Amino acid sequence: MADRSGDLSPWWRGGTIYQVYPRSFQDANGDGVGDLAGIRERLPYLRALGVDGVWLSPFYPSPMADFGYDVSDHQGVDPLFGTLEDFDALAAEARRLGLRLILDYVPNHTSSEHPWFREHPEYYIWREEPNNWVSVFGGSAWEPRDGRFYYHAYLREQPDLDWRRDDVRERMLGVLRFWCEHGADGFRIDALRQTIKDAQWRDNPVNPDWDGRDEYDSLIPAFTTDQPEVQELVRQFRETVGERLLIGELYLPIERLVAYYGSGLDMPANFHLLSTAWGAAEIAALVERYEAALPDGAWPNWVLSNHDRPRVASRTGQPAAAAMLLLTLRGTPTLYYGDEIGMTDVEIEPGREQDPWGGRRDPARTPMQWDAGGGFSAAEPWLPYGDLRVNVAAQQDDPASLLSLHRRLLRARRDFALEGYETLAADGVLAYRRGGFVIALNLGADAAATQLTGEIAVATDVARAGEHVRRETVLGPGEGIALRVP
Ligand code: NOJ
């Protein structure tokens, strides 16, 4: 950890967050599924990598219809992942190593196996007649049950809670308090934009621009997402967690996204890099638009892949340039496990799909590749490994590896993490200034020249470190340099 004495900004501003998908990080008990004890074993790896916070996707008791995002007890640990004692041990070890723990808080829905769904059906959303609302995973969002219909924004096994009710709020805020007492340093709030629905149950308008693919996109979710009362909810979350980090999962246009700073989110998660074309002009335009939209005092953040989207290495084909982009833009980066070694989407054999969304998210959720044999589990892993030539052991001591590049970038960024951002070029090469550094990235398919002067501090091609660039330099496709400038 950097010495932050005298620096009053919270740890996460200059820091980096690393997302662990617990099923796939490390299996300590040999059942083919990752667990909390496994994550604990690997904390020294994360410490050496140089990240600051570790976000754990859900590990709570769950029937696993949506791999843990269908929670049946918010205040426990699923036996598959271990016990509450294992969690406490993990939290203690993280603290010892100076790593912060961020938990996934799933307020929008519970599992249909949650005791509340039986004992307190009134906690959920029921209607006599369905309207046209569609589930994110496709099909009507209304499920018939005993002559009525309940609403589920996701799977029918994930009924939505009614957050307009005080008793629901009180019980779910209790969940936050529980994990604060168990040492959580922050929360990533799942499906935040969906938590409050239109009080008049109006039909969502038809989307005239629908591309005919996902049924969910056939409507504009005007009455099912981003309702004004969501902000009020965030204020309550903020009051409950004090100064702990609050990240909100919010797939929203930039202008709507940034409105959430005002209600107390530290990081309305910025997913716009996930859907922006991989090119200098497009990315520069996005960064400028986002920077301009940020309210005073708001701190930016960036995401390049996660457990719901394709891996960045597969999507861009330029994992080194992508790493340099993510770790040098202004704002807190969230790094997805395995991206630091260049894991790609793994093709799943027909019949072996796991993800209830037609298997589409499995390719990005495969086991972490620790060594040439896999090293994730003594048993057959729940999803197959990808190309095992891509592994931590092979890259660990190789200065030219993607893993070493991540370590160098994570170290170097401490010198400019809190500095401003200024675009210098966006034609072929994307170049920008961060304090005393200039970053230049060739995101194109051909070599490109760029006008710069300075000393290369970090380069995707390790052989270029220390090189003095005078006026002009050529970058190959996917090549990036960070220069210390005069
Ligand atoms: C968003 C999560 O990231 C995703 O994995 C999950 O399926 C939905 N929310 C529902 O909880």
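Refer to the structure printed above.
Each value, and the rule that gives it
Residues numbered from 1 in each chain as written. Predicted model: local features only at pLDDT ≥ 70, side-chain atom pairs only at ≥ 80, totals over all residues. Heavy atoms only, no water. Helix = DSSP H or I, 4+ residues; strand = E, 2+ residues; numbered from the N terminus. Rg over C-alpha atoms; globule rule 2.2 N^0.38 Å. Buried < 20%, exposed > 50% of the residue type's maximum accessible area, 1.4 Å probe, protein only. Axes fitted to C-alpha atoms, helices over the stretch in contact; angles between N-to-C directions. Parallel < 35°, antiparallel > 145°, perpendicular 65-115°, else oblique. Contact = heavy atoms within 4.5 Å. Nonpolar A, V, L, I, M, F, W, Y, C, P; charged D, E, K, R; others polar. Core = buried A, V, L, I, M, F, W, Y, C linked by side-chain atoms within 4.5 Å. Pairing = 2+ DSSP bridges.

Asks: How should I be thinking about the overall build of the protein in this particular structure?
Replies: Along the protein, the regular secondary structure elements total 13 helices and 19 strands. For 486 residues, the compact-globule estimate of 2.2 N^0.38 gives 23 Å, and the protein sits close to it at 22 Å. With the principal axes as the frame, the protein shows a C-alpha extent of 75 × 50 × 50 Å. Within the protein, the fraction of its 486 residues that count as buried is 60%.

Asks: For this particular structure, what's the right way to read the packing of helix α2 (residues 36-49) against helix α13 (residues 402-412)?
Replies: To characterise two packed helices, one gives the angle between the axes of the helices and the distance between these axes. The geometry of α2 relative to α13 is characterised by a closest axis approach of 9 Å and an angle of 60 degrees between their N-to-C directions. As the angle between them shows, α2 and α13 are arranged oblique. Contacts between α2 and α13 involve Y45, A48 and L49 on the former and, on the latter, L403, H406, R407 and L410. Residues of the contact of α2 with α13, tallied by class, amount to five nonpolar, one polar and one charged.

Asks: Hey, could you run me through the nonpolar core in this one?
Replies: Burial of nonpolar side chains together is a common tendency in soluble globular proteins. Residues Y18, L46, F59, W179, F187, F237 and M368 are the most contacted members of the largest nonpolar core, which totals 132 residues. Judged by nonpolar contacts, the second largest core, of 16 residues, contains I125, V136, F137 and A191.

Asks: Hey, could you run me through the pairing of strand β14 (residues 437-442) in this one?
Replies: Put simply, side chains in a regular strand alternate between the two faces of the sheet. With six of six residues buried, β14 lies mostly within the body of the structure. The pairing of strand β13 (residues 429-434) with β14 spans six bridges and is antiparallel. Counterpart to L430 in the pairing with β14 is L441. The antiparallel pairing of β13 with β14 creates a hairpin that spans two residues between the two strands, and G435 there sits at a positive phi of about 60 degrees. As paired elements, β14 and strand β19 (residues 480-484) share five bridges and run antiparallel to each other. Bridge pairing in β19 places V438 opposite L483.

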